[in-house]
Amino acid sequence: GTRAVIWIVVLGTLFLMVFISVKLIAPQQEYEAYSYNHFDFVNIDNMWYTQIQLGRQPWKVPMRFGPRDVEYIPVVGDPDIMLTVKVNYITFDPEEEPLNYTALAASELSLNLAQALDIRPEGACTKNITEACHNRTIISCETDKTHAIIYLTQDSDFPIVEQKDNCLIVKGKGFDLVKAVDVA
């Protein structure tokens, strides 16, 4: 009787002490977070996330940069017109080096268009001069005025997003191109 009660009290106290010790010793996970233009952003493992509502479905949207990191990047025109179509061609100049930043920007943009906005991204090139462009649509802002085109280019000394007619031109050298994509 009393021995069982003593064991229960001892084990309960021991369990409580272990629980409290783990809480005090284990580091608490704290994330950088803030609100921006009525959206909440949180930084988890060096990626920023926000949530948007698409119909009844909430979507977590990942971005490499938070809005405060890219608010200095100018946006000319109305990039939201690209959201009114179900297909966007994401195109680039295959002769523009280095292509690794262009590939990163295109993949992150494609992922967010497809998953969060229900827009089908279609990979394209401005010229058919490389093996990578051999089986892709060849399209550019100069030659096509009917399709929605997102043109990624590193031919700029500073990042900028510019909408001209049916084109969204996203510019930036190196990692600035990836920053500009997060603005677009």
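Since the structure is predicted, the reported quantities are computational estimates derived from the model, not experimental observations.

Q: Describe the sheet that holds strand β10 (residues 160-164), naming the residues involved and giving the relevant values.
A: Taking strand neighbours across the sheet as the criterion, the seven strands line up as β5-β10-β11-β9-β6-β7-β8 in an open arrangement whose pairing is mixed. Sheet topology places β5 (75-76) and β8 (137-138) at the edges, where each strand pairs with a single neighbour. Where strand β9 (residues 149-153) meets strand β11 (residues 167-171), five bridges bridge the pair, whose relative direction is parallel. Bridge pairing links Thr-153 to Lys-171 in β11. In this fold helix α4 (residues 175-183) packs onto β5, β9, β10 and β11, with an angle of close to 140° to the strand it touches most, β11.

Q: Which residues make up the packing of aromatic side chains, and what values go with them?
A: Inspection of every chain in the model, using the stated rule, returns four aromatic pairs. Taking 5.1 Å as the distance between ring centres and 55° as the angle between the ring planes, the aromatic pair formed by Tyr-34 and Trp-48 counts as tilted. Here the residue Tyr-34 occupies a position in strand β1 (residues 32-36), and Trp-48 occupies one in strand β3 (residues 47-54), the gap between them amounting to 14 residues. Residue classification places Tyr-34 among the buried positions, given a relative accessible area of 9%.

Q: Pulling in residues and values, what's your account of helix α3 (residues 99-117)?
A: Turn by turn, an α-helix covers 3.6 residues, leaving residues three or four places apart pointing in a common direction. Taking 1.5 Å per residue, 19 residues should reach 27 Å; α3 reaches 26 Å between its end C-alpha atoms and fits that length. What α3 keeps buried is the set Thr-102, Ala-105, Ala-106, Glu-108, Leu-109, Asn-112, Leu-113 and Ala-116. In this fold, the buried residues of α3 make contact with β3, β4 (57-63), β6 (87-92), β7 (120-125), β9 and α4. Taken from the residues just after α3, Asp-118 is the one with a positive phi, measuring 60°.

Procedures and definitions
Residues numbered from 1 in each chain as written. Predicted model: local features only at pLDDT ≥ 70, side-chain atom pairs only at ≥ 80, totals over all residues. Heavy atoms only, no water. Pairing = 2+ DSSP bridges. Helix = DSSP H or I, 4+ residues; strand = E, 2+ residues; numbered from the N terminus. Contact = heavy atoms within 4.5 Å. Axes fitted to C-alpha atoms, helices over the stretch in contact; angles between N-to-C directions. Phe/Tyr/Trp six-rings, centres within 6.5 Å; stacked < 30°, edge-to-face > 60°. Buried < 20%, exposed > 50% of the residue type's maximum accessible area, 1.4 Å probe, protein only. Expected span 1.5 Å × (residues − 1).

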